[in-house]
Number of protein chains: 2
Amino acid sequence: MQNNQYCIIMAGGAGTRLWPISRNNCPKQFLNLDGEGRTFIRDTYDRFAKFIPKENIIIVSSAKYRDLVKEKIPEIKDENLLLEPYSRNTAPCIAYATYTILKRDPDAAMVVTPSDHIITDEDKFAETVQNALEYATANKVLMTIGVPPTRPDSNFGYIQITGGKEACNTDSAIKVKTFTEKPDKELAKVFVDSGEFFWNSGIFAWKAETIREEMEKYLPEVTRLFNGWETAIGSPAENEFISRAYTDCLKISIDYGVMEKTGIAWLYPASFGWSDIGAWESLQESMMTQDTEKNTISADRILSDGCRGNLIISKNKDKLIAVKGLENYMVIDTEDVLLICPKEDKEFKDFIAGIAMPGYEKYR
Amino acid sequence: MQNNQYCIIMAGGAGTRLWPISRNNCPKQFLNLDGEGRTFIRDTYDRFAKFIPKENIIIVSSAKYRDLVKEKIPEIKDENLLLEPYSRNTAPCIAYATYTILKRDPDAAMVVTPSDHIITDEDKFAETVQNALEYATANKVLMTIGVPPTRPDSNFGYIQITGGKEACNTDSAIKVKTFTEKPDKELAKVFVDSGEFFWNSGIFAWKAETIREEMEKYLPEVTRLFNGWETAIGSPAENEFISRAYTDCLKISIDYGVMEKTGIAWLYPASFGWSDIGAWESLQESMMTQDTEKNTISADRILSDGCRGNLIISKNKDKLIAVKGLENYMVIDTEDVLLICPKEDKEFKDFIAGIAMPGYEKYR
């Protein structure tokens, strides 16, 4: 393990696309989805602790999830738990973490990861991330881990590499040509068929100094809010300093704010199994068994006839699910919410935004 | 009130078409559907008690519903509660009740009624039933109360009268031409359009002696099982006598067994509001308010988009119902069952017959 390697686990998301099981007071990264006590955030932490020193693993989350993080990762030290007062997407989160790391080690290299992915070959994963970190330490690049796409999924970002189709089959860093955030299904199909694209895993590797420079270049409206970080961070004034910075900060992703614009984006191809549990559909694809008609019905007792492609979950396992003549719907039944919605609904987020209405507080 | 007028309330049905709210241990006639404590069986009893002496009102139900009947109708005397050991449809039920009444008064007239109808003009109802009873007392006929049809509903029996369309608009008895049990939707439409048909309400009026004769003529395989009724009924041997009769008895309806075959079927037109809460669809039509898109969603909190013609009920009133892009389905959510099924599903009974499987006992 190298003392100058750091890991940033981003765990502040609200997980709304997995509503109503993922809730405001317990979003998906803290959920026990397999029924055996493991959580996405715990898995993520353990996965990196194999090759990053624990004192260098930093979790960035929302202040309101402080207790949840402590519950799931009891060994996390307070100085390694950065709490954001407001959700401002990934760029401000990475800025905060980068300045924190720079204060500790100006020569640090860091890997940045979401907290809700499923990785199926952990040794390969460790190898890939270490290779990416090494490359980004030796070269001034912003490295993304790219996942070879297996279907035209419109829930992911797509990264085109230079060198065409042939360059894809390599186990080394490749220079990036373009970044495209979530295309529609048709465009996604063109991308996948071309053979020149990877999915954006949202896992990045770079030197702290490199990302600082690129952020200050492309996102000065964010970084200027952190002016004075050298003295504020780690001091008694840190909380107030961060609170003020976040209050004025815009919401912007690192992909949109930096990766799409920088001239030094590179990609390291993943050779491990990867799933982003972004939405119900991907959860079903990657974690759940399906019957011959591609239904997942999570219940001990089922009556079903003429059903196809549905995802049906009741949190009350003792409930009989009796369903007839339904195709490609998701049905999520919790103690206080019953959700029924077409599975491939692009407007899902807009639809459930309705719970922002007064009187719906307890369902958020 | 006339001492020779009797009423038979048939309350032994399992109400499976209202499953999963109507359950084996509490079928629909005993359910508190309006949330105010009233039940169909109580309403039925009170409706007849206005013009039939209470000591002449007899309830026939299943032995397993004895306590439920007593709970809903505490004033019912044991001798007026006939308990069937097995469900054998309406003909054996009416045979048992008819012999019981004949033993008390060979000259009795009787009205027979299901226990799960909704009647909206009770005075008109009383008048119609009394007229029907009077006609059936003065003339040797089997009288059915006929309801003018308002839609081509394939859940009802249809009765064609003699005299054609013109004869329908009368407030007196009309001779019946044909009885047709539940036609398909197309045929139902032909019937309704012709103007010569009524819905079979399942409410009958006749002299006890007349129905006895007709049953013995058309259903000797049923009535012979009651041979010896003159001494057995009202004696200590009644239970054993009835148990033996029902054990060997076939399941057959009075409509199919007698009304379709007899030459003395007559009809009295109903001028009161009537609904048979046979299935979820009719419950929605007659008891529930619908939004502009013809949805009934029974919940305090609703998120809904692109939905039409659905009936959605959760027994947990505090639950948020979030439903998108669903048309003409029924969704019934109870504590231990979630049912999702197209509203006009002709195979509903076959579908839910699946709960007869081993392991599904508690969902019946």
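Calculation criteria
- Residues numbered from 1 in each chain as written.
- Chains lettered and ligands numbered in written order.
- Predicted model: local features only at pLDDT ≥ 70, side-chain atom pairs only at ≥ 80, totals over all residues.
- Heavy atoms only, no water.
- Axes fitted to C-alpha atoms, helices over the stretch in contact; angles between N-to-C directions.
- Helix = DSSP H or I, 4+ residues; strand = E, 2+ residues; numbered from the N terminus.
- Parallel < 35°, antiparallel > 145°, perpendicular 65-115°, else oblique.
- Left-handed = near helix turned anticlockwise from the far one by under 90°.
- Contact = heavy atoms within 4.5 Å.
- Nonpolar A, V, L, I, M, F, W, Y, C, P; charged D, E, K, R; others polar.
- Buried < 20%, exposed > 50% of the residue type's maximum accessible area, 1.4 Å probe, protein only.
- Arc of directions from axis to C-beta.
- Salt bridge = Lys/Arg side-chain N within 4 Å of Asp/Glu carboxyl O.
- Pairing = 2+ DSSP bridges.
- Patch = residues over 30% accessible without salt bridge, like charges linked within 9 Å, V, L, I, M, F, W, Y side chains within 5 Å.
- Areas by Shrake-Rupley, 256 points an atom, 1.4 Å probe, with all protein chains shown as cover.
- Lys, Arg positive; Asp, Glu negative; His and termini not counted.
- Charge placed at Lys NZ, Arg CZ, Asp CG, Glu CD.
- Core = buried A, V, L, I, M, F, W, Y, C linked by side-chain atoms within 4.5 Å.
- Least-squares fit on C-alpha atoms with pLDDT ≥ 70 in both.

Participant: Mind laying out the packing of helix α3 (residues 90-104) of chain B against helix α9 (residues 238-248) of chain B, listing which residues take part and the relevant values?
Facilitator: Residue and element names in this part refer to chain B. Interhelical geometry of α3 versus α9 gives an angle of 155 degrees and a closest axis separation of 12 Å. With respect to each other, α3 and α9 are oriented roughly antiparallel. Here α3 and α9 pass one another in a crossing that is right-handed. Residues Pro92, Cys93 and Tyr96 of α3 touch α9, and the partners they reach there are Glu238, Ile242 and Tyr246. Partitioned by chemical class, the residues of the contact of α3 with α9 number five nonpolar, no polar and one charged.

Participant: Residues and numbers for α9 of chain B, please.
Facilitator: Residues and elements named next belong to chain B. Glu238, Phe241, Ile242, Ala245 and Tyr246 are the residues of α9 that are buried. Seen from one end, α9 has its buried residues packed into an arc of 120 degrees, which puts them on one side. Seen from the open side of α9, the exposed residues pointing more than 90 degrees away from its buried face are Asn239, Glu240, Arg244 and Asp248. Looking at the buried side of α9, the elements it contacts are β3 (81-84), α3 and α8 (229-232).

Participant: Describe the pattern of salt bridges, and please don't skip the residues or the numbers.
Facilitator: Residue and element names in this part refer to chain A. Here the structure, examined in full by the defined rule, presents 54 salt bridges over all chains. With a shortest N-O distance of 2.8 Å, Asp333 and Lys319 are connected by a salt bridge. Separated by 14 residues along the polypeptide, Asp333 in strand β16 (residues 329-333) and Lys319 in the loop between β14 (311-314) and β15 (320-324) bring together distant segments of the chain. Of the two residues, Asp333 and Lys319, neither departs from the other in class, the shared state being buried. Each of Arg38, Arg42, Asp43, Asp46, Lys54 and Glu75 takes part in one network of salt bridges that share partners.

Participant: Lay out the pairing of strand β6 (residues 142-147) of chain B in plain terms, naming residues and giving numbers.
Facilitator: Residues and elements named next belong to chain B. Among the six residues that make up β6, six are buried, leaving the element largely enclosed by the rest of the structure. Side chains of β6 alternate between two faces, with Leu142, Thr144 and Gly146 and Met143, Ile145 and Val147 buried alike. Of the pairings in the sheet, the one linking β6 to strand β10 (residues 265-269) comprises five bridges and is parallel in character. Bridge assignment links Ile145 to a residue of β10, and that residue is Tyr268. The sheet contact formed by β6 and strand β9 (residues 197-207) spans four bridges and is antiparallel. Across the sheet, residue Thr144 finds its bridge partner in β9, namely Phe204.

Participant: Mind laying out a negative patch on the surface, listing which residues take part and the relevant values?
Facilitator: All names here are of chain A. On the surface, Asp121, Asp123, Glu127 and Asp171 cluster together into a negatively charged patch. Tracing the backbone shows Asp123 in helix α4 (residues 122-138). We classify Asp123 as exposed; its relative accessible area is 61%.

Participant: Kindly report on the pairing of β3 of chain B, identifying the contributing residues and their values.
Facilitator: Note on strand geometry: in a regular strand, side chains alternate between the two faces of the sheet. Pairing of strand β2 (residues 57-62) of chain B with β3 of chain B, which is carried by four bridges, proceeds in the parallel orientation. Looking at β3 of chain B, one finds that Ser61 of chain B is bridged to Leu83 of chain B.

Participant: Just give me the short version of the nonpolar core, but keep the residues and values in it.
Facilitator: All names here are of chain A. In this structure, Phe48, Ile59, Trp280 and Leu339 are the most contacted members of the largest nonpolar core, which totals 71 residues. The greatest single-element share of this core, amounting to six residues, is contributed by α4. Here Phe48 is in contact with Cys7, Ile57, Val111, Thr113, Phe125 and Val129, once residues within four sequence places are set aside.

Participant: Describe the relation of the copies chain B and chain A, naming the residues involved and giving the relevant values.
Facilitator: Expressed as a screw transformation, the operator carrying chain B onto chain A has a rotation angle of 180 degrees and an axial translation of 0.1 Å, and the superposed copies differ by an RMSD of 0.1 Å. Such a combination of turn and shift is consistent with a two-fold rotation axis. Most of the interface of chain B is mirrored in chain A, where 100% of its interface residues are also at the interface.

Participant: Pulling in residues and values, what's your account of the sheet that holds strand β17 (residues 337-342) of chain B?
Facilitator: Backbone-to-backbone hydrogen bonds join strands into a sheet, with any given pair of strands oriented parallel or antiparallel. Ordered by their spatial adjacency, six strands build an open sheet running β13(A)-β15(A)-β17(B)-β16(B)-β14(B)-β12(B), and the pairing between neighbours is mixed. Of all strands in the sheet, those bounded by a partner on one side alone are β13 (301-305) of chain A together with β12 (296-298) of chain B. Adjacent strand axes in the sheet meet at a mean angle of 5 degrees, parallel and antiparallel pairs treated alike. Summarising the sheet, β13 of chain A and β15 of chain A pair through five bridges and their orientation is parallel. In the strand pairing of β15 of chain A, Asp305 of chain A is matched with Lys324 of chain A. Here helix α11 (residues 280-287) of chain B sits on the sheet in contact with β12, β14 (311-314) and β16 (329-333) of chain B, set at roughly 90 degrees to β14 of chain B.

By themselves, these are just geometric observations and shouldn't be taken as functional.
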